[in-house]
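Breakdown of the fold
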Amino acid sequence: MPNPAHAAPPETLISLTNLGFSYGESPVLDAVTLNISAGDFVAVIGPNGGGKTTLMRLLLGLLPPTTGQLSIFGQAP
């Protein structure tokens, strides 16, 4: 039986480091840091205007981040 103490760490699929985005002078996301690994379940919740759709657009590569780093499977979206 495998020993969980010696198991390899899960592979990071999505990595955000100090990610920020602004529409002009209006900041929407600021210093977002997040790692999502294989097997993780993630929900994005929050109020209207909280940046959920902007985050999804960043993850899809539809918007470039204003600050920070974003990688999906180790590459830019």
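Residues numbered from 1 in each chain as written. Predicted model: local features only at pLDDT ≥ 70, side-chain atom pairs only at ≥ 80, totals over all residues. Heavy atoms only, no water.

1. Thoughts on the nonpolar core
Formed by Ile14, Leu16, Leu19, Phe21, Leu29, Ile36, Leu55, Leu58, Leu59, Leu63, Leu70 and Ile72, the largest nonpolar core amounts to 12 residues. Residue assignment for this core shows that the elements contributing at least two residues are β1 (12–23), β2 (26–37), α1 (52–60) and β3 (67–72). Per element, the largest residue contribution to this core is four residues, and it comes from β1. (Core = buried A, V, L, I, M, F, W, Y, C linked by side-chain atoms within 4.5 Å. Buried < 20%, exposed > 50% of the residue type's maximum accessible area, 1.4 Å probe, protein only. Helix = DSSP H or I, 4+ residues; strand = E, 2+ residues; numbered from the N terminus.)

2. Re the pairing of β1
In terms of strand pairing, β1 meets β2 through eight bridges, oriented antiparallel. When the bridges of β2 are listed, Thr12 appears paired with Ser37. Once β1 ends, the chain turns through two residues before running back antiparallel as β2, passing Gly24 with a positive phi of about 65°. Of the strand pairs in this sheet, β1 and β3 are connected by five bridges, and their pairing is antiparallel. Its bridge partner being in β3, Gly20 is matched across the sheet by Thr67. (Pairing = 2+ DSSP bridges.)

3. A short note on the sheet that holds β2
By definition, the strands of a sheet pair up through backbone hydrogen bonds, in either a parallel or an antiparallel sense. The three strands are arranged β2-β1-β3 in an open sheet whose pairing can be described as antiparallel. The open sheet has two edge strands with one neighbour each: β2 and β3. Across the sheet, the axes of successive neighbouring strands diverge by a mean angle of 20°, strand direction being ignored. (Axes fitted to C-alpha atoms, helices over the stretch in contact; angles between N-to-C directions.)

4. Focus on a nonpolar patch on the surface
A cluster of nonpolar side chains, contributed by Val42, Val44 and Met56, occupies part of the molecular surface with about 240 Å² of accessible area. On the basis of relative accessibility, which here comes to 49%, the residue Val42 falls in the partly exposed class. (Patch = residues over 30% accessible without salt bridge, like charges linked within 9 Å, V, L, I, M, F, W, Y side chains within 5 Å. Areas by Shrake-Rupley, 256 points an atom, 1.4 Å probe, with all protein chains shown as cover. Salt bridge = Lys/Arg side-chain N within 4 Å of Asp/Glu carboxyl O.)

Spatial relationships are all this shows, so hold off on functional conclusions.
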